[in-house]
Amino acid sequence: MSTQPLPLEGITVVAVEQAVSAPFATRQLADLGARVVKVERVDGGDFARAYDTAARGLASHFVWCNRGKESVALDLKDPRGLDVLRRLIADADVFVQNLAQGAAARLGLDAATLCAAHPRLVAVDISGYGAHGPYAHKRAYDMLVQCEAGLVSVTGTPERPVKAGVPAADIAAAMYAFSGVLAALVRRGTTGRGGPVEISMLEALAEWLGHPLHHVMHGGTEPARTGVAHAVIAPYDAYDTADGGQVLLSVQNDREWRRLAELVLGRPELAGDPDFATNAARVAHRTRTDESVAGALAGFTAAEAVARLEAAGIACARINTVADVAAHPQLAARDRWREVESPVGPLRALLPPITLGGSQEAYMGAVPALGEHTCATLRALGMTDEQLAELRRDGVIA
């Protein structure tokens, strides 16, 4: 059976991007076959390059978000650098930017301006709070938006709110930018016109707030922070095991409670005890319910607890460390790990979660060095070696 090409082969994306939201969005496009030209500052490039040195000297954020791209380093404050960028955009299908609010417009790189000049272009503006409104020019780093969007209020313990452990606002904006680009490209295929796409980190994460937001808006109370416990189901929490691990289990109905009591806890009398027989009763007596479960699981290792719970048909999961995830047997069994090239050699990376049957495997290209593709890209625009040497001497390119 013949293999189909990746769906975005032949699509060119130009991105003036930094940090996570735009780079993670364009990495999805690169994985699906698009050519992504990443335009970076000449003095250090995307500042995410300097976040840490954990990936064998490279920044872990940068490695995660920027594989498969071409790096072109331009000084956009110099008219010659801006002219190069405009020439790149003129030949592109998609343009993405997440500069500070107002910066793109001052350079004539906002989506509305570019789409007016290039009707087939799909142009994406990613910002913290959107193009207008009282928060339009407010600084919008991920953790700040997590707070403004209310995510922190529903995450943590009763005593203290806690941010998400991953950049949830950045990721939410990135994935809506990714899907927005795909939708706009489909529309262009039928109408011949691209158009602007606007993504706000606040609006993306507010959408992800989901049922707590709708619960409160329609008459409910503010949800309690319950750690990993469930606010209205018991037992539904994590419990310590004899080997220092933790196992989370979830009892969804009273039949499961009876199986848990009989087959795991070794206390069949709890199945019919009116203090525990129904979920409402278990929630009302949550402390005693949790004590019963915790006492039993404390006698097992994590592996033993999971085995017993699964044998009893009780949903459960180990609370893994990040290192555990890197060695997860399910990811290994499904052959989800690959190596990508980088300036420091091959680095391990996960295949993207979109699997297209009958298609080529996702393109997981190299992580680029700063300015690695500047000369080749500008030569393709018709520039001579003498012109490139002049621009490099003047600090316009790197």
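Read on for an overview of the structure. Just so it is clear, the structure is predicted and the values come from calculations on it, not from any experiment.

**Overview of the overall build of the chain**
Argument step 1. For the chain, the count of helices and strands is 18 helices and 11 strands.
Argument step 2. The principal-axis extent of the C-alpha atoms belonging to the chain is close to 85 × 45 × 40 Å.
Argument step 3. Residue pairs in contact within the chain that sit at least 24 positions apart in sequence constitute 67% of those at least 6 positions apart.

**Comments concerning the pattern of salt bridges**
Argument step 1. For the structure shown, the criterion picks out 19 salt bridges.
Argument step 2. Two residues, Glu361 and Arg338, come together in a salt bridge whose shortest N-O distance is 2.8 Å. Taken together, the residues Glu361 in the loop between β11 (347-350) and α17 (374-380) and Arg338 in strand β10 (residues 337-340) connect sequence positions 23 residues apart.
Argument step 3. On the accessibility criterion, Glu361 (44% relative accessible area) is partly exposed.
Argument step 4. Of the charged contacts in the structure, one is a salt bridge between Asp394 and Arg393, with a shortest N-O distance of 3.4 Å.
Argument step 5. By relative accessible area, Arg393 is classed as exposed at 63%.
Argument step 6. Among the charged side chains, a network of salt bridges with common partners joins Asp78, Arg80, Glu390, Arg393 and Asp394.

**Structural notes on the packing of helix α1 (residues 21-31) against helix α7 (residues 168-191)**
Argument step 1. α7 packs onto α1 with a crossing angle of 40 degrees between their chain directions and a minimal axis gap of 8 Å. Between α1 and α7, the angle is such that the two are oblique. Here α1 runs over α7; the crossing is right-handed. Residues Ser21, Phe24, Ala25, Gln28 and Leu29 of α1 form the contact with α7, whose own contacting residues are Asp170, Ile171, Ala173, Ala174, Met175, Ala177, Phe178, Val181 and Leu182.
Argument step 2. Classifying every residue of the contact of α1 with α7 by side-chain character gives 11 nonpolar, 2 polar and 1 charged.

**Some remarks on the nonpolar core**
Argument step 1. One finds Val13, Val94, Val96, Val124 and Ile126 to be the most contacted residues of the largest nonpolar core, which totals 41 residues.
Argument step 2. Among the secondary structure elements, those contributing two or more residues to this core are β1 (12-16), α1, β4 (94-97), β5 (122-127), α7, β6 (195-200) and α8 (201-208).
Argument step 3. With 11 residues, α7 is the single largest residue contributor to this core.
Argument step 4. When residues no more than four places from it in sequence are discounted, the contact partners of Val13 are Thr26, Leu29, Ala34, Arg35, Val36, Val37, Val94 and Val96.
Argument step 5. Ranked by size, the runner-up nonpolar core spans 30 residues in total, among them Val39, Leu76, Leu99 and Ala103.

**Thoughts on the packing of helix α10 (residues 254-264) against helix α13 (residues 286-297)**
Argument step 1. The interhelical angle for the contact between α10 and α13, taken along N-to-C directions, is 35 degrees, at an axis separation of 11 Å. Relative to α13, the crossing made by α10 is left-handed. Residues Trp257, Leu260 and Val264 of α10 touch α13, and the partners they reach there are Thr289, Val293, Ala296 and Leu297.
Argument step 2. Across the contact of α10 with α13, the residue classes tally to 6 nonpolar, 1 polar and no charged.

**Thoughts on the sheet that holds strand β7 (residues 236-240)**
Argument step 1. The antiparallel open sheet is built from 3 strands, whose spatial order is β7-β8-β9. The strands lining the two open edges of the sheet, one partner per strand, are β7 and β9 (315-318). For this sheet, the mean inter-axis angle between neighbouring strands, taken without regard to orientation, is 20 degrees.
Argument step 2. Here strand β8 (residues 246-250) pairs with β9 via 4 bridges, running antiparallel. In the sheet register, Leu248 faces β9, and the bridge partner there is Ala317.

Calculation notes
- Residues numbered from 1 in each chain as written.
- Predicted model: local features only at pLDDT ≥ 70, side-chain atom pairs only at ≥ 80, totals over all residues.
- Heavy atoms only, no water.
- Helix = DSSP H or I, 4+ residues; strand = E, 2+ residues; numbered from the N terminus.
- Contact = heavy atoms within 4.5 Å.
- Salt bridge = Lys/Arg side-chain N within 4 Å of Asp/Glu carboxyl O.
- Buried < 20%, exposed > 50% of the residue type's maximum accessible area, 1.4 Å probe, protein only.
- Axes fitted to C-alpha atoms, helices over the stretch in contact; angles between N-to-C directions.
- Parallel < 35°, antiparallel > 145°, perpendicular 65-115°, else oblique.
- Left-handed = near helix turned anticlockwise from the far one by under 90°.
- Nonpolar A, V, L, I, M, F, W, Y, C, P; charged D, E, K, R; others polar.
- Core = buried A, V, L, I, M, F, W, Y, C linked by side-chain atoms within 4.5 Å.
- Pairing = 2+ DSSP bridges.

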